[in-house]
Amino acid sequence: MKFNSFFKIAFMTSFLVVFSSCFKDLDTVPTDKDELTSAAVYDDPANYKKVLARLYAGLAVTGQQGPAGQADISGIDEGFGQYLRMYWYLQELSTDEAVIGWNDATIKDFHEQDWNADDGFIYACYSRIFYQVSICNEFLRETTDAKLSDRGVDDALRAEIQGYRAEARFLRALSYYHALDLFRNVPFVTEEDAVGAFFPEQITGDNLYAWLETELKAIESALPAPRSNEYARADQAAAWMLLAKLYLNAEVYAGKQAWSEAAEYSKKVMDAGYELEANYFDNFKADNDQSSEIIFPITSDGTYTRTYGGMTFLVHAPVGGSMNPAEFGIDGGWGGLRTTSAIVNKYPTPGSGGSVIVAKNDGNQNYALLNVPGGYQSWDPANNATALASVAGDETYEGYFWLEANTEFKFAKGGWDNNWGDDGADGTLEPGSANIVATEAGFYRFTVDLNALTYTMTKTEWGLIGSATPNGWDSDINLTYDAGENAWTITTDLVAGEAKFRANDDWGINLGDDSANGILEYNGANITIPDNGTYLIKLYLDRPDHSYYIEKFASESDTRYPFYSAGQNLEIADISQFTEGYAVAKYRNVTSGGQVGSDLTFVDTDFPMFRLTDAHLMYAEAVIRRDGSADQSAVDAVNAVRQRAYNGSTVGNITASGLTLDFLLDERVRELLWEGHRRTDLVRYGQFTDGSYVWPWKGGVPAGTAVAGCRDVYPIPAQDLNANRNLTQNFPGECY
């Protein structure tokens, strides 16, 4: 995001008192001349807004010095212990939406759903939530009428501070909502509790629900009207959104139904003046602070909020394999996050309903072959899948293979009786001589002339070039090699015109189609791209007759399809391998205009915690649960979301009979993937732990299995349970 002045603050040293059962007490008298006490901070009228900004920043940063150093909380790694990153771990890694390949401590326990009360990640999330509660409490203690009067605060500033207090209460309510949703029965402290060493009492889920409802309604009128506050600060719509979420999950939290209230407050958000962005993915880019539909974000900035958590994590961690980090505006991928086939299968296939412009042509399968046995295929000279072909039948052969670095091979004809190597590594073949070595990994073009006993091997990278491509005839757009399909592929927008394939950004090796029949020839004719649109293109060089495939996606395809599949397996055999499972290319540190963010490591992309389309989908669900079926208002709410997904077309619209709860749960995936909602949704639907819905590796089993229902709630961390005699564990002896 582009920071406004509200967030351009120097994060102050720790002067805020937190409740002692979770963290060490902080001294109120500074031991360092550079530290500030709360009294010194609040004596300056200009600091009230700065402290409020620090409350918001608690969702984004981890201390007083980014990306690490002077941490807010001791004993927790700042890299993974950031608020959003930990909340996202608990909400997403425990579901079908995300797996992670790393072996960091107990991180894989989330997807296996076998965590315990000693889990460090759970403790980090819990600690962040209650640290945030504590600093909000302290701000509220320091801004009472009595204290403002003692400091001689004038009436104008006092009126502003009343608004600040409402925002602080919203931020506290947001964190208490997260505590309710994740942990249910938690320690409870407000500004009314005295500062000092004491053990907070535990509040039950139903009582915390009731407190949140009362608190959010109390601040509703004190918050600015929708869209009238500074960007990333709470307004009335943010409070309505949180109330709608509270009511939608009332049965889970408090054992009662509040569907009418959930519908009411979702509708208030829908009518608050926010609008859907024309392009779905613009909500997840480096300039999404300009989005008209993000109601409440957690802000990120490559200069001012440097952290290895938050959006830095969510942009870097999903990039790996054959993905190009530069396309995501970053200096490198972390190769961790992917999704499961259960999620991929909830999206329509890209281009479904589209048209095939050129079909793959297998061509002649009976050319004379020259085998290429080597270490990459167990030295099998009879394996015709790894052979070169003589199209002219004149003892000259050509073909392509992918070889890993330092792979050794030879050429053989009719078995080992006739084989050739290269004694001098000079491109000249000698019978029965030394193995040839591919020193670098890559996709090689081989030519062999057995008449002259010569050969060439050229490492190739393939691209598409032409008047139909974004760069015209000036430069290629790169294709990506898909090892599973043995093809070079790209999905891209093209305009009506012509194109060709060429290797290594050079005309020395290029392919066209003289007969427009799907068979490629070197230096062949340009290929026609009939009209503007999004195209899937595949280049097949594994067959003797090289071929290609072009499909134009239907204009009514679901544009939200976020998956990167080149070189990735759909099914996950080994979670630790990044290429197992499709990657998710949703978040980017690139603007809607194609500009890279301000820093290649620390990103500018904000996290959309509350977004308008969520209100649309919550409204429809609440109506169906209240009435037993969808009415026209629910249908219209959902179709507004789907029409944006289908480029404004009504082809994706749903009817009242088709708008079921099951449909809505899947639609929430398609619209809100990786936005931190999935665990809550599955718990509400009764599908998080039971066997009615399983996904790959749920319960630690490849096919997925049910787990104990008590895992719908996370445990109170053992550290806090041992420190506070007033706390009782969730499901003691059953899960924890």
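Quick notes on the rules
- Residues numbered from 1 in each chain as written.
- Predicted model: local features only at pLDDT ≥ 70, side-chain atom pairs only at ≥ 80, totals over all residues.
- Heavy atoms only, no water.
- Helix = DSSP H or I, 4+ residues; strand = E, 2+ residues; numbered from the N terminus.
- Rg over C-alpha atoms; globule rule 2.2 N^0.38 Å.
- Buried < 20%, exposed > 50% of the residue type's maximum accessible area, 1.4 Å probe, protein only.
- Contact = heavy atoms within 4.5 Å.
- Areas by Shrake-Rupley, 256 points an atom, 1.4 Å probe, with all protein chains shown as cover.
- Lys, Arg positive; Asp, Glu negative; His and termini not counted.
- Salt bridge = Lys/Arg side-chain N within 4 Å of Asp/Glu carboxyl O.
- Polar contact = N/O pair within 3.5 Å; in protein donor to acceptor, adjacent residues only side chain to side chain.
- Axes fitted to C-alpha atoms, helices over the stretch in contact; angles between N-to-C directions.
- Parallel < 35°, antiparallel > 145°, perpendicular 65-115°, else oblique.
- Nonpolar A, V, L, I, M, F, W, Y, C, P; charged D, E, K, R; others polar.
- Pairing = 2+ DSSP bridges.
- Expected span 1.5 Å × (residues − 1).
- Disulfide = S-S within 2.5 Å.
- Phe/Tyr/Trp six-rings, centres within 6.5 Å; stacked < 30°, edge-to-face > 60°.
- Core = buried A, V, L, I, M, F, W, Y, C linked by side-chain atoms within 4.5 Å.
- pLDDT = per-residue confidence, 0-100.
- 1 Å grid on protein atoms, 1.4 Å probe; cavity = no way out; pocket = protein on both sides within 12 Å on 5 of 7 lines; lining within 4 Å.
- Points joined across faces, edges and corners; volume = space filled by probe spheres on them.

1. Looking at the overall build of the chain
Then step 1. Each helix and strand counted, the chain has 18 helices and 29 strands in total.
Then step 2. For 736 residues, the compact-globule formula gives about 27 Å, and the C-alpha radius of gyration of the chain, at 30 Å, lands near that figure.
Then step 3. Viewed in the frame of its principal axes, the chain has a C-alpha envelope of about 100 × 60 × 50 Å.
Then step 4. Across the 736 residues of the chain, 58% fall into the buried class.
Then step 5. Contacts spanning at least 24 positions in sequence make up 67% of the contacts within the chain whose residues lie at least 6 apart.
Then step 6. Carbon together with sulfur atoms contributes 46% to the accessible area of the chain, which is approximately 27,200 Å² in total.

2. What to know about the side chain of D301
Then step 1. The residue D301 is located in the loop between β4 (294-298) and α12 (310-316) in this model.
Then step 2. One buried charged residue, D301, forms no salt bridge at all, with the nearest opposite charge on R306 at 7.2 Å.
Then step 3. A distance of 2.8 Å separates a polar side-chain atom of D301 from the backbone nitrogen of T303.
Then step 4. Here the side chain of D301 touches Y304 through a polar contact of 3.0 Å, landing on its backbone nitrogen.

3. Describing the packing of helix α2 (residues 47-57) against helix α7 (residues 155-183)
Then step 1. Running from N to C, α2 and α7 cross one another at 10 degrees; their axes reach a closest spacing of 10 Å. As far as their axial angle goes, α7 and α2 are roughly parallel. Between α2 and α7, the contacting residues are Y48, K49, L52, L55 and Y56 on the first element and L157, I161, Y164, E167, A168 and L171 on the second.
Then step 2. Class assignment for the residues of the contact of α2 with α7 results in nine nonpolar, no polar and two charged.

4. Section: the sheet that holds strand β26 (residues 547-552)
Then step 1. Taken in spatial order, the five strands make up an open sheet running β6-β26-β25-β20-β19, and their pairing is antiparallel. The open sheet terminates on both sides in strands that have one partner only, identified here as β6 (355-358) and β19 (480-482). For this sheet the average axis-to-axis angle between neighbouring strands, irrespective of direction, equals 30 degrees.
Then step 2. Relative to strand β25 (residues 533-540), strand β20 (residues 487-494) runs antiparallel, the two sharing seven bridges. Of the residues in β25, the one forming a bridge with T492 is Y535.

5. Details of helix α5 (residues 120-141)
Residue pairs three or four apart in sequence face the same way in an α-helix, which turns once every 3.6 residues.
Then step 1. The end-to-end C-alpha distance of α5 is 31 Å, a good match for the 32 Å that 22 residues give at a rise of 1.5 Å each.
Then step 2. Counting buried residues along α5, 21 of its 22 residues qualify, which places the element largely inside the surrounding structure.
Then step 3. Residue D119 occupies the N-cap position of α5, its side-chain oxygen lying 2.8 Å from the main-chain nitrogen of F121.

6. Considerations on the side chain of K285
Then step 1. Within the secondary structure layout, K285 lies in the loop between α11 (259-270) and β4.
Then step 2. A polar side-chain atom of K285 sits 3.2 Å from a polar atom in the side chain of D282.
Then step 3. When neighbours within four sequence positions are excluded, K285 is seen to be in contact with R588, V590, T591, S592 and T605.

7. So, the state of the cysteines
Then step 1. For the structure shown, the criterion picks out one disulfide.
Then step 2. Linked covalently through their sulfurs, C710 and C735 form a disulfide whose S-S length is 1.9 Å. Residues C710 and C735 share a disulfide whose torsion about the S-S bond is about 70 degrees; that sign makes it right-handed. With C710 in the loop between α17 (678-684) and α18 (718-723) and C735 in the segment after α18, this pair connects stretches of sequence that are 25 residues apart. There is no split in this pair, since C710 and C735 are both buried.

8. Regarding the packing of aromatic side chains
Then step 1. What the rule picks out here adds up to 49 aromatic pairs.
Then step 2. Here Y42 and Y48 contribute two aromatic rings whose centre-to-centre distance is 5.3 Å and whose plane-to-plane angle is 50 degrees, an arrangement assigned as tilted. You'll find Y42 and Y48 in the same group, each marked buried.
Then step 3. Considering the side-chain rings of F183 and Y714, the 6.3 Å spacing of their centres and the 55 degrees angle between planes classify their relative orientation as tilted. Remark: Y714 occurs in the loop between α17 and α18 and F183 occurs in helix α7; sequence separation between them is 531 residues.

9. Examining the nonpolar core
Side chains that are nonpolar tend, in soluble globular proteins, to be buried together.
Then step 1. If you look at the biggest cluster of nonpolar residues, it comprises 159 residues, and the most contacted ones within it are W88, Y89, F170, F183, F296 and L659.
Then step 2. The greatest single-element share of this core, amounting to 15 residues, is contributed by α7.
Then step 3. Those residues in contact with F170 that lie beyond four places of it in its chain are L216, I219, A234, A238, A239, L242, F296 and F610.
Then step 4. The next biggest cluster of nonpolar side chains, apart from the first, holds 26 residues, and it includes L479, Y535, Y548 and I550.

10. Description of the confidence of the model for the chain
Then step 1. Per-residue confidence for the chain averages 91 on the pLDDT scale, and 93% of its residues sit at or above 70.
Then step 2. Scored below 50 in pLDDT, residues 8-35 shows 70 contacts in the model against residues more than four places distant or in partner chains.

11. Overview of the pattern of salt bridges
Then step 1. Within this structure, the stated rule accounts for 42 salt bridges.
Then step 2. In this structure, D476 and R502 form a salt bridge, with 2.6 Å as the shortest nitrogen-oxygen distance. Of this pair, D476 sits in the loop between β17 (462-465) and β18 (477-478) while R502 sits in strand β21 (residues 497-503), placing them 26 residues apart in sequence. Residue D476 shares its accessibility class with R502, and that shared class is buried.
Then step 3. Through salt bridges with shared partners, a single network forms among E293, D558, R560, K586, R611, R642, R644, E667, R670, E671 and E675.

12. A short note on empty space enclosed by the protein
Then step 1. Here the structure, examined in full by the defined rule, presents seven cavities of 30 Å³ or more.
Then step 2. If you trace the largest cavity, you find 21 residues lining it, with Y87, Y177, K245, G676 and H677 closest to the centre.
Then step 3. The set of elements that each furnish at least two residues to the lining of the largest cavity consists of α3 (83-93), α7, α9 (236-248), β29 (607-611) and α17.
Then step 4. In terms of residues, the lining of the largest cavity owes the most to one element, α7, which gives four residues.

13. Considering the environment of Y231
Then step 1. Positionally, Y231 belongs in the loop between α8 (205-220) and α9.
Then step 2. Here the alpha-carbon distance between Y231 and T299, two residues 68 residues apart in the chain, equals 9.4 Å.
Then step 3. In terms of polar contacts, Y231 uses its side chain to reach the side chain of D606, at 2.6 Å.

14. Observations regarding α11
Then step 1. Its 12 residues place the ends of α11 16 Å apart at the C-alpha level, agreeing with the 16 Å of an ideal helix rising 1.5 Å per residue.
Then step 2. Within α11, burial applies to W259, A262, A263, Y265, S266, V269 and M270.
Then step 3. Its buried side turned inward, α11 meets α8, α9, α10 (250-254), β4, α14 (612-627) and α15 (632-645).

15. Overview of the pairing of strand β9 (residues 396-403)
Then step 1. Judged by how many residues are buried, β9 sits mostly within the fold: six of eight residues are covered.
Then step 2. Bridge count between β9 and strand β15 (residues 442-449): eight bridges; the pairing is antiparallel. Opposite F401, over in β15, you have Y444 as the bridge partner.

16. Let's talk about unusual backbone geometry
Then step 1. Even without a glycine there, the phi angle at W379 is positive, about 55 degrees.
Then step 2. Positionally, W379 belongs in the loop between β7 (368-371) and β8 (387-390).
Then step 3. With relative accessibility at 31%, the residue W379 sits in the partly exposed group.
Then step 4. One non-glycine residue, E395, lies in the positive phi region at around 70 degrees.
Then step 5. Following the sequence through the fold, E395 ends up in the loop between β8 and β9.
Then step 6. On the basis of relative accessible area, E395 is assigned to the partly exposed category, the value being 27%.

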